[in-house]
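Spelled out from the first residue to the last, the chains are:
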Amino acid sequence: MTLVAGIDSSTQACKVVVRDAASGKLVREGRAAHPDGTEVDPAAWWSALGEAIRKADGLDDVAAVGVGAQQHGMVVLDEAGEVVRPALLWNDTRSAQAAADLIKEAGGAEWWAEATGLVPVASFTVTKLRWLAEHEPDNAGRVAAVCLPHDWLTWKLAGSGDLGELTTDRGDASGTGYWSPASGRWRPDLLEMGLGHEARLPAVLEPSASAGSLPSGAGLAPGTGDNMAAALGLGAQPGDVVVSIGTSGTVYAVAEGPSADPSGIVAGFADATGRFLPLVCTLNAARVLDATARMLDVSHERLSELAVNAPPGADGLTFVPYLEGERTPNKPEASGALHGIRLGNTTPAHLARAAVEGLLCGLADGLDALVEQGVQARRVLLIGGGARSKAVRAIAPAVLGYPVVIPPAGEYVADGAARQAAWVLAGGDDPPEWELEGTTTSEARPTPEVRERYAASRDLVRERV
């Protein structure tokens, strides 16, 4: 049996899976925590990776390794290959003003969307580089190379220390704000607009190319960003829309061509196979369920029971769950709201149902945005911690309006990285076929009236004063 390993270096933790290269069968796995915060010394990722590898009984018998990791994180290196300062992560918002400045300086949102598939927001790497240049000019001046978390970990695994051997892939590169999915090339001019001077960038490898090898001789895959790795782990194809319900919600799809949305709602990423991965992010997802369970003083299991026992539409009760503001639509200072309260719907079951429908309606707005960008939706793949909710699984097909496929709970980012590693070993135009066992499919009559009532209530929400 030939084994491959996949690594998921996420915001919260590092996960390692070891799988059979031919079938994808899980052999063993390990996990280690990452420190909290929106800026992290990359050395903490390296330490956690070592711990996770040890808990997975090592990689000595593994033929190839792939790394998936959180997107957008700014890792800056000096001429000696040393980290200049802690990495700014995707969820660090200090560069919000830098994003607004970059949009203005380069000709507006439409210009950025056409150039990079993105409209700058604080998440993206280019804005963090501008923040660095403005607030830490001495550190910015020391920067000789810029890379992303997965790039840095892949480079460290190879062990050379030569900046000229930094590599990345098109999927993760597409989230920087200085790479063009349409042309497949870096935009050094935009990097310089952010950082203030030129810097080395990783070589962008083809999806199944080798990124070198570990000192043990195991091959290294190009690696990719977390959303791209998850799509690969799920085996998503054109027509599939992935809805992930975690701390935030993401809605993304495999597409044949690039997208450019000047509203900034859809991020026009590339994927890990040579296709594209337009993506929408919502701020309010699984924590809506947490908050509602807390309000009702019930467990998540009881929350699900209450929700499924209430009628569709909750007898007119609508929950707009902008509990932390919202990104889709762009209402960063909004708060949540309940509309349509009547004597007959002031029950725990009605509130539970309204919360689940509100959460799903927010994600359905994201799905609509993808369709407006030309995505062909055939079915939804529902993943993430929130997908464990029986109520979410039961109600999703009616609100989203498509058949919903629910894969078993799994580490799909690490699985996608492992599948990419198997692809490097096997070669060819397509990744190896790994059967996704244990999926269930749910269908229901769509409830457009729920979406319509939600849209009317959503548009009543005001920004906080």
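Placed above this text is the structure.
What counts and what doesn't
- Residues numbered from 1 in each chain as written.
- Predicted model: local features only at pLDDT ≥ 70, side-chain atom pairs only at ≥ 80, totals over all residues.
- Heavy atoms only, no water.
- Axes fitted to C-alpha atoms, helices over the stretch in contact; angles between N-to-C directions.
- Helix = DSSP H or I, 4+ residues; strand = E, 2+ residues; numbered from the N terminus.
- Parallel < 35°, antiparallel > 145°, perpendicular 65-115°, else oblique.
- Left-handed = near helix turned anticlockwise from the far one by under 90°.
- Contact = heavy atoms within 4.5 Å.
- Nonpolar A, V, L, I, M, F, W, Y, C, P; charged D, E, K, R; others polar.
- Buried < 20%, exposed > 50% of the residue type's maximum accessible area, 1.4 Å probe, protein only.
- Pairing = 2+ DSSP bridges.
- Phe/Tyr/Trp six-rings, centres within 6.5 Å; stacked < 30°, edge-to-face > 60°.
- Lys NZ or Arg CZ within 6 Å of the ring centre and 35° of its normal.
- Lys, Arg positive; Asp, Glu negative; His and termini not counted.
- Salt bridge = Lys/Arg side-chain N within 4 Å of Asp/Glu carboxyl O.
- Polar contact = N/O pair within 3.5 Å; in protein donor to acceptor, adjacent residues only side chain to side chain.

Asks: Just give me the short version of the packing of helix H1 (residues 42-55) against helix H6 (residues 149-158), but keep the residues and values in it.
Replies: In contact at an axis separation of 11 Å, H1 and H6 are set at 55° when each is read in the N-to-C sense. Here H1 is positioned oblique relative to H6, judged by the angle of their axes. Where H1 crosses over H6, the two elements pack in a sense that is right-handed. Seen from H1, the contacting residues are Pro 42, Ala 43, Trp 45, Trp 46 and Leu 49; seen from H6, they are Pro 149, Trp 152, Leu 153, Lys 156 and Leu 157. Considering only residue class, the contact of H1 with H6 consists of nine nonpolar, no polar and one charged.

Asks: Please provide a residue-by-residue account of the packing of helix H12 (residues 348-372) against helix H15 (residues 448-458), values included.
Replies: Remark: H12 packs on H15, axes separated minimally by 10 Å, with the N-to-C direction vectors making an angle of 90°. Here H12 lies roughly perpendicular to H15, going by the angle between them. Within the contact between the two elements, H12 uses Glu 357, Gly 358, Cys 361, Gly 362, Ala 364, Asp 365 and Asp 368 and H15 uses Val 450, Arg 451, Tyr 454 and Arg 458.

Asks: Account for helix H13 (residues 390-400), naming residues and giving values.
Replies: Of all eleven residues that make up H13, eight are buried, and the element is covered over most of its length. Taken residue by residue, H13 has Ala 391, Val 392, Ile 395, Ala 396, Pro 397, Ala 398, Val 399 and Leu 400 as its buried positions. Just downstream of H13, Gly 401 is the residue with a positive phi angle, here 85°.

Asks: Now, about the pairing of strand S17 (residues 267-270): what can you tell me, with residues and values included?
Replies: Burial of the side chains of S17 extends over both faces: Ala 267 and Phe 269 are buried on one face and Gly 268 and Ala 270 on the other. Sheet analysis places S17 next to strand S18 (residues 276-282), joined by four bridges and oriented antiparallel. Across the sheet, Gly 268 pairs through a bridge with Pro 278, a residue of S18. Remark: five residues form the turn of the hairpin made by S17 and S18, two consecutive strands paired antiparallel; Gly 274 in that turn has positive phi of roughly 110°.

Asks: Help me get a handle on the packing of aromatic side chains, residues and values and all.
Replies: Describing an aromatic ring pair means giving the distance of the ring centres and the angle of the ring planes. Going through the model one piece at a time under the given rule, you end up with three aromatic pairs. When the centroid spacing of 5.6 Å and the interplanar angle of 85° are considered together, the rings of Trp 111 and Trp 112 count as edge-to-face. The ring of Trp 131 has Arg 94 sitting right over it, with the charged end atom 4.8 Å from the ring centre. The residue whose ring lies beneath Arg 170 is Phe 276, and the NZ or CZ to ring-centre distance is 5.0 Å.

Asks: Describe the side chain of Asp 20, and please don't skip the residues or the numbers.
Replies: One can find Asp 20 in strand S2 (residues 13-20). Look at Asp 20: it is buried, it has no salt bridge, and the nearest opposite charge is Lys 25 at 7.9 Å. At 2.7 Å, the side chain of Asp 20 forms a polar contact with the side chain of Ser 23. Ignoring any residue separated from it by four or fewer positions in sequence, one finds Asp 20 in contact with Met 1, Thr 2, Leu 3, Lys 25, Val 27 and Trp 434.

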